[in-house]
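Working through the structure, step by step
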Amino acid sequence: MVQELNKASGQCLCGAIQYEITGEISSFHICYCSRCRHSTGSAHASNIFTRPEHISWKSGESFIQRFELESAKSWAKQFCKACGSSVPYVNRSETFLVVPAGSLNEDIHIAPDDRIFCDDRCIWVERIQASPEFPALPSKF
């Protein structure tokens with residue numbers, strides 16, 4: 001089934017960088033690899049893959065900082081110089097655009113295709129579903 005984004009907007013946390021994605025999605029991965037975990041500071045990265053021409057930068061391109069890990073074949077990261085939030089980037093071979101799903105403003109109603117590098121997953125990830133849920137920050141904080 002072809003999944004498309006129709007003018008899905010996104011931004012960094014501070015709003016300096018804003019973009020829009022339109023077009024077909026090739027894949028949506030939840031990645032547990034150590035690079036993604038260290039890069040996000042979380043249990044995984046949630047990345048949508050599409051074509052480079054599907055992005056339109058609306059503002060803040062001068063705030064974009066890129067980091068490429070020398071030892072990696074294609075891994076990279078782009079983020080806002082002001083707030084550090086991840087923003088979309090084109091891979092080194094310029095064949096696909098990686099969109100951090102959490103940087104999108106709208107709920108895109110598209111489920112991930114898969115979870116990858118599961119052998120690298122932190123053991124505490126399996127305990128997340130059993131932990132208490134709160135609609136906002138608990139009052140004990």
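For the structure, check the block above.
A brief structural summary. Model, not experiment: these values are computed from the prediction.

Definitions and limits used
Residues numbered from 1 in each chain as written. Predicted model: local features only at pLDDT ≥ 70, side-chain atom pairs only at ≥ 80, totals over all residues. Heavy atoms only, no water. Pairing = 2+ DSSP bridges. Helix = DSSP H or I, 4+ residues; strand = E, 2+ residues; numbered from the N terminus. Salt bridge = Lys/Arg side-chain N within 4 Å of Asp/Glu carboxyl O. Polar contact = N/O pair within 3.5 Å; in protein donor to acceptor, adjacent residues only side chain to side chain. Contact = heavy atoms within 4.5 Å. Phe/Tyr/Trp six-rings, centres within 6.5 Å; stacked < 30°, edge-to-face > 60°. Buried < 20%, exposed > 50% of the residue type's maximum accessible area, 1.4 Å probe, protein only. Core = buried A, V, L, I, M, F, W, Y, C linked by side-chain atoms within 4.5 Å.

**Examining the sheet that holds strand S5 (residues 64–68)**
Ordered by their spatial adjacency, 3 strands build an open sheet running S5-S6-S7, and the pairing between neighbours is antiparallel. The open sheet has two edge strands, S5 and strand S7 (86–87), and neither has a second partner. Relative to strand S6 (residues 76–80), S5 runs antiparallel, the two sharing 5 bridges. Counterpart to Ile64 in the pairing with S6 is Cys80.

**Details of the pattern of salt bridges**
Throughout the structure, instances matching the rule amount to 4 salt bridges. Its salt-bridge partner being Glu68, residue Arg92 comes within 3.2 Å of it at the nearest N-O pair. On the criterion of sequence distance, the pair formed by Arg92 in the loop between strand S8 (89–90) and strand S9 (97–100) and Glu68 in strand S5 is long-range, its members being 24 residues apart. Salt-bridge contacts for Glu126 lead to Arg121; the nearest nitrogen and oxygen are separated by 3.9 Å.

**Side note on the side chain of Ser85**
As for its position among the elements, Ser85 is in the loop between S6 and S7. Engagement of the side chain of Ser85 in a polar contact is seen with the backbone nitrogen of Leu13, the distance being 3.0 Å. In this structure Ser85 touches Cys12, Leu13, Gln78, Phe79 and Cys80, once residues within four positions along its chain are discounted.

**Structural notes on the environment of Glu24**
Inspection of the secondary structure assignment puts Glu24 in strand S2 (residues 18–31). Separated by 91 residues in the primary sequence, Glu24 and Arg115 place their C-alpha atoms 20 Å from one another.

**Observations concerning the packing of aromatic side chains**
The full count for this structure, using the stated rule, is 3 aromatic pairs. Measuring from centroid to centroid gives 5.1 Å for Phe49 and Phe96, while their planes differ by 50°, and the two rings are tilted. Linking Phe49 in strand S3 (residues 45–50) with Phe96 in the loop between S8 and S9, this pair joins segments that are 47 residues apart in sequence. Judged by relative accessible area, Phe96 falls into the partly exposed class, the value being 25%.

**Focus: the nonpolar core**
In globular proteins that are soluble, nonpolar side chains generally tend to be buried together. Ranked by size, the top nonpolar core spans 19 residues in total, and within it Leu5, Ile21, Phe28, Ile48, Val99, Leu104 and Ile108 carry the most contacts. The set of elements that each furnish at least two residues to this core consists of strand S1 (3–11), S2 and S9. Residue contributions to this core peak at 5 residues, all from S2. Residues in contact with Leu5, not counting those within four places in the same chain, are Ile21, Thr22, Gly23, Ile25, Ile108 and Ile110.

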